[in-house]
Every structure is written in structure tokens, then in C-alpha cells.
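Observations on the model geometry
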Amino acid sequence: QVQLVESGGGLVQPGGSLRLSCAASRSMFSIYAMGWYRQAPGKERELVAAFTSGDTTNYADSVKGRFTISRDNDKNTVYLQMNSLKPEDTAVYYCNAVVVTGPYEKAYWGQGTQVTVSS
């Protein structure tokens, strides 16, 4: 089992920055993949950025060059630095962790944090 606690959302003007944090309740060395998804009103949840197997990172095309995912293994925490924010980045951002045990894979989700980009 993994509990994920997110923080750092809020209201920001276009062009501004925010940093999201996601603290996991267990060592990230026991987590196969960890990252961020988002869901805007009326849209499906989509991948924003994630660490997978080892240090491999994946980013949505829409955030490449603006968002950076990083992690602190000592704090079991993953961060999402979001720069040059646009109104279309407005969404609820969810932290996600995938744990693999033998042939089984299970996904865990945080409670979500609202990010609103508006002037």
C-alpha cells in the first residue's frame, strides 16, 4: 500500500510558476513508476510527467520545455516544477504511483490538487 500526499497547487497568472510536491508513504525504491497526471473539466485524465523504470522520464508533448519532474529519494517525494504556465494547464493534478509485486501491478492515486491559471 502507498499513501500519496500532494501539495503546492493554487491560482497563478499566465506565465507564472508553481511547484507541486507528492510525498509517498514508502521508499521510492519500492515503487516502479511515479509521476503526475491531470484532469481538466470535461476531459480525460492525462499523463503530465513521470519517472518510470529507473530514471527514465516521460513528458506530455504539451508540457515539454516548461515542466520538470524531479525527486528526492531521501524524502520519498516527487516534484513537478511548472513554468510558463498557460490557461490550458488548468486542471486537478494527481500524483500517481505504480507498485509491481511479481506479476501484479497496482496503481495508487493522491487526492488531487487544483491548479488554476488565470489572469
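In this report, the structure presented in the accompanying data block is examined.

This model, assessed by the stated rule, comprises two aromatic pairs. Centre to centre, the rings of Tyr37 and Trp109 are 5.1 Å apart; their planes meet at 75°, and the pair counts as edge-to-face. Separated by 72 residues along the polypeptide, Tyr37 in strand 4 (residues 33-39) and Trp109 in strand 10 (residues 104-109) bring together distant segments of the chain. Tyr37 gets classed as partly exposed once you look at its relative accessible area, which sits at 24%.

Tallied over the full model, the rule gives one disulfide. In this model, Cys22 is linked to Cys95 through a disulfide, with the two sulfur atoms separated by 2.0 Å. With the S-S bond torsion at -85°, the cross-link from Cys22 to Cys95 turns out left-handed. Here Cys22, found in strand 3 (residues 18-24), pairs with Cys95, found in strand 9 (residues 91-101); they are 73 residues apart in sequence, far enough to count as distant.

Sheet analysis places strand 9 next to strand 10, joined by six bridges and oriented antiparallel. Each bridged residue has a counterpart across the sheet, and for Ala97 the counterpart in strand 10 is Tyr108. Connecting the antiparallel pair strand 9 and strand 10 is a turn made up of two residues, with Gly102 showing a positive phi of about 60°.

Time to look at the pattern of salt bridges. According to the stated counting rule, one finds four salt bridges in the structure shown. One salt bridge connects Arg38 with Glu46, and the closest N-O pair in it is separated by 2.7 Å. A relative accessible area of 6% means that Arg38 is categorised as buried. Judged by relative accessible area, which is 35%, Glu46 ranks as partly exposed.

What counts, and where the lines are drawn
Residues numbered from 1 in each chain as written. Predicted model: local features only at pLDDT ≥ 70, side-chain atom pairs only at ≥ 80, totals over all residues. Heavy atoms only, no water. Phe/Tyr/Trp six-rings, centres within 6.5 Å; stacked < 30°, edge-to-face > 60°. Helix = DSSP H or I, 4+ residues; strand = E, 2+ residues; numbered from the N terminus. Buried < 20%, exposed > 50% of the residue type's maximum accessible area, 1.4 Å probe, protein only. Disulfide = S-S within 2.5 Å. Pairing = 2+ DSSP bridges. Salt bridge = Lys/Arg side-chain N within 4 Å of Asp/Glu carboxyl O.

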